[in-house]
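# Architecture and fold: a report
Okay, here's what each chain looks like letter by letter:
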Amino acid sequence: MASLGKPLGAVVAAFLFTAAGATAQEVKHYRFAYDQPHSTGYGILGDIFADKLKTLSKGTMLIDQYPGAQLGQEPQVLQLVKSGDVEFCISSSANAATLSPEAGVMSMHFLFRNEAHLIKAIADPEVSKAVKAMIADTVKGARVIGLATLGLRHMYSKREIRKIEDIKGLKVRVQATPTEDVMFPAYGAQIVHMPFGSVYTSLQTGVVDVGENGINVYLANKHYEVAPVLSLTEHEANNSLLWMSDKLWNSLTPEQQGWVQAAADEVNRTQPAKALELEHRSAEKLKSIGVKVVTDVDKSGFIAIADPYLDKLAKQLGPHAEKIKNLIRAIN
């Protein structure tokens, strides 16, 4: 029997080697692109999704994150996801409106009453389902599998914005959506469209007077260096959509599709609260380095103008937008 031991051991070793090789071959890496630094709420989203997918797939589906616009700005990356050249990406709801104008509903001003309302709305399964249905009906080549947020957006400049009169006539860099193009002029401001990557130098040189974004984005991109006053206007939510290429989705087994969707659902459930925690820490950091943070903004003038537009704009955008708006407003 001893003479059989060696050949049998060799056979077993060969089998194990082959099995290990097969397992290694089954490990797939997927590109996950976004245009903010990893230190932002986008990185929180990417990490939650990557960790959950790795766990569910037992290490066979791995996410390689490409933060900081390494693969392009959001509108360009969305096109790459549609074509299947990039597997996953994050976009703001505003940039999603370049593919599906109805997505602009998520950017409507004062749709979200406060941070607690925002967290509840983004984590709400019915809101998520309605957004996915909107994209499924209006976009070919890519799908939305989850929602997230970076918190609320605020205005920053070289001057304080304490009330609506303070932005009259100022040039504000806005995201290129029908919502922004209507609302800021309604407040009396001038709008300027440009890629996010151009905002720093435009604030520095006076091409624009005001930027608007989330607190952590303002901090991470050092916009405080050229616009050292942050006014907490809370005029809009910084919502994000998690996109996936249809080319990849259609290539996966039903089990793999389930893992991907479960990982995206984990984002929906847990990312919003974590992103808001990051916003609060970022505000404290900004104060500690000397940035003036205006907390007592009188929002009443903005709200008085914005409120009638909620129903009007949602209706103009379309039935999906109207449904999403109604779902969000009904959340207490």
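Residues numbered from 1 in each chain as written. Predicted model: local features only at pLDDT ≥ 70, side-chain atom pairs only at ≥ 80, totals over all residues. Heavy atoms only, no water.

Two measures define how a pair of helices packs: the angle their axes make with one another and the distance between the axes. The contact between helix α6 (residues 125-138) and helix α13 (residues 319-330) brings their axes to 10 Å, and the two run at 170 degrees. Taken together, the axis directions place α6 and α13 in an arrangement best described as roughly antiparallel. Here Glu126, Val127, Ala130, Val131, Ala133, Met134 and Asp137 of α6 come into contact with α13, specifically with His320, Ile324, Leu327 and Ile328. (Axes fitted to C-alpha atoms, helices over the stretch in contact; angles between N-to-C directions. Helix = DSSP H or I, 4+ residues; strand = E, 2+ residues; numbered from the N terminus. Parallel < 35°, antiparallel > 145°, perpendicular 65-115°, else oblique. Contact = heavy atoms within 4.5 Å.)

Counting residues in each nonpolar core, the largest one holds 54 residues, and the members touching the most others are Val131, Ile167, Tyr187 and Trp243. The element that contributes the greatest number of residues to this core is helix α12 (residues 300-317), accounting for six residues. Ignoring any residue separated from it by four or fewer positions in sequence, one finds valine 131 in contact with Met106, Val144, Leu147, Leu241 and Ile324. Counting residues in hydrophobic clusters, the runner-up holds 48 residues, among them Ile48, Ile215, Val217 and Tyr224. (Core = buried A, V, L, I, M, F, W, Y, C linked by side-chain atoms within 4.5 Å. Buried < 20%, exposed > 50% of the residue type's maximum accessible area, 1.4 Å probe, protein only.)

The interhelical angle for the contact between α12 and α13, taken along N-to-C directions, is 145 degrees, at an axis separation of 7 Å. Of α13, the residues touching α12 (which contributes Asp307, Leu310, Asp311, Ala314, Lys315 and Leu317) are Ala321, Glu322, Lys325 and Arg329.

Right, let's get into helix α3 (residues 74-83). What α3 keeps buried is the set Glu74, Val77, Leu78 and Val81. Projected down its long axis, α3 shows its buried positions confined to an angular sector of 105 degrees, all on one face. Where α3 is buried, its residues meet β1 (28-33), α2 (41-56), β3 (88-92), α4 (93-96), β4 (142-157) and β8 (229-245). (Arc of directions from axis to C-beta.)

As judged from the four bridges shared by strand β5 (residues 171-174) and strand β6 (residues 190-193), these two strands associate in the parallel manner. Within β6, the position partnered with valine 172 by the bridge is isoleucine 191. Following the chain from β5 across helix α7 (residues 178-186) to the adjacent parallel β6, one finds a crossover that is right-handed. (Pairing = 2+ DSSP bridges. Right-handed = clockwise from strand over helix to strand, strands pointing away.)

Scanning the model with the defined rule gives 10 aromatic pairs in all. Where tyrosine 34 meets tyrosine 42, the ring centres are 5.9 Å apart and the plane angle is 85 degrees; that geometry is what we call edge-to-face. Taken as a pair, tyrosine 34 and tyrosine 42 share a single burial class, namely buried. With 6.3 Å between their ring centres and 75 degrees between their planes, tyrosine 218 and tyrosine 224 make a pair best called edge-to-face. Across this residue pair, the class does not change: tyrosine 218 and tyrosine 224 are buried. By the ring-pair criterion, three or more aromatic residues cluster together here, those being Tyr30, Phe32, Tyr34, Tyr42, Phe49 and Phe88. (Phe/Tyr/Trp six-rings, centres within 6.5 Å; stacked < 30°, edge-to-face > 60°.)

What follows covers the pattern of salt bridges. Counted by the stated rule, this structure contains 13 salt bridges. Residue glutamate 160 is joined to arginine 162 by a salt bridge in which the shortest nitrogen-to-oxygen separation is 2.5 Å. Of the residues examined, arginine 162 reaches a relative accessible area of 30% and is grouped as partly exposed. In this structure, aspartate 296 and arginine 162 form a salt bridge, with 2.6 Å as the shortest nitrogen-oxygen distance. Here the residue aspartate 296 occupies a position in the loop between β9 (292-294) and α12, and arginine 162 occupies one in the loop between β4 and β5, the gap between them amounting to 134 residues. Salt bridges here are not isolated pairs; linked through shared partners, they connect Glu160, Arg162, Lys292 and Asp296. (Salt bridge = Lys/Arg side-chain N within 4 Å of Asp/Glu carboxyl O.)

Backbone geometry places alanine 69, a non-glycine residue, at a positive phi of 60 degrees. Its location among the elements puts alanine 69 in the loop between β2 (61-66) and α3. For alanine 69, a relative accessible area of 21% puts it in the partly exposed group. Here the phi dihedral of lysine 222 falls at roughly 60 degrees; this positive angle occurs in a residue that is not glycine.

So, on to the side chain of histidine 235. Mapped onto the fold, histidine 235 is located in strand β8. Assessed through its relative accessible area of 0%, histidine 235 is described here as buried. There is a polar contact of 2.8 Å between the side chain of histidine 235 and the side chain of threonine 233. (Polar contact = N/O pair within 3.5 Å; in protein donor to acceptor, adjacent residues only side chain to side chain.)

All right, on to the side chain of threonine 40 then. The topology assignment puts threonine 40 in the loop between β1 and α2. On the basis of relative accessibility, which here comes to 1%, the residue threonine 40 falls in the buried class. What threonine 40 contacts, discounting residues up to four positions off in sequence, is Asn216, Ala220 and Leu278.

The next subject is the environment of alanine 189. With respect to the helices and strands, the residue alanine 189 is situated in the loop between α7 and β6. Each C-alpha atom, one on alanine 189 and one on isoleucine 305, is 13 Å from the other, the two residues being 116 residues apart in sequence. The contact partners of alanine 189, leaving out residues within four places of it in the chain, are Ile167, Gly169, Leu170, Val172 and Phe184.

The next thing to look at is the confidence of the model for the chain. Averaged over the chain, the pLDDT score is 91; the fraction of residues at 70 or greater is 92%. Confidence drops under a pLDDT of 50 for residues 1-6, and excluding neighbours within four residues, the segment shows zero contacts in the predicted structure. Below pLDDT 50 for its whole length, residues 10-24 participates in zero contacts with residues either more than four positions away or in separate chains. (pLDDT = per-residue confidence, 0-100.)

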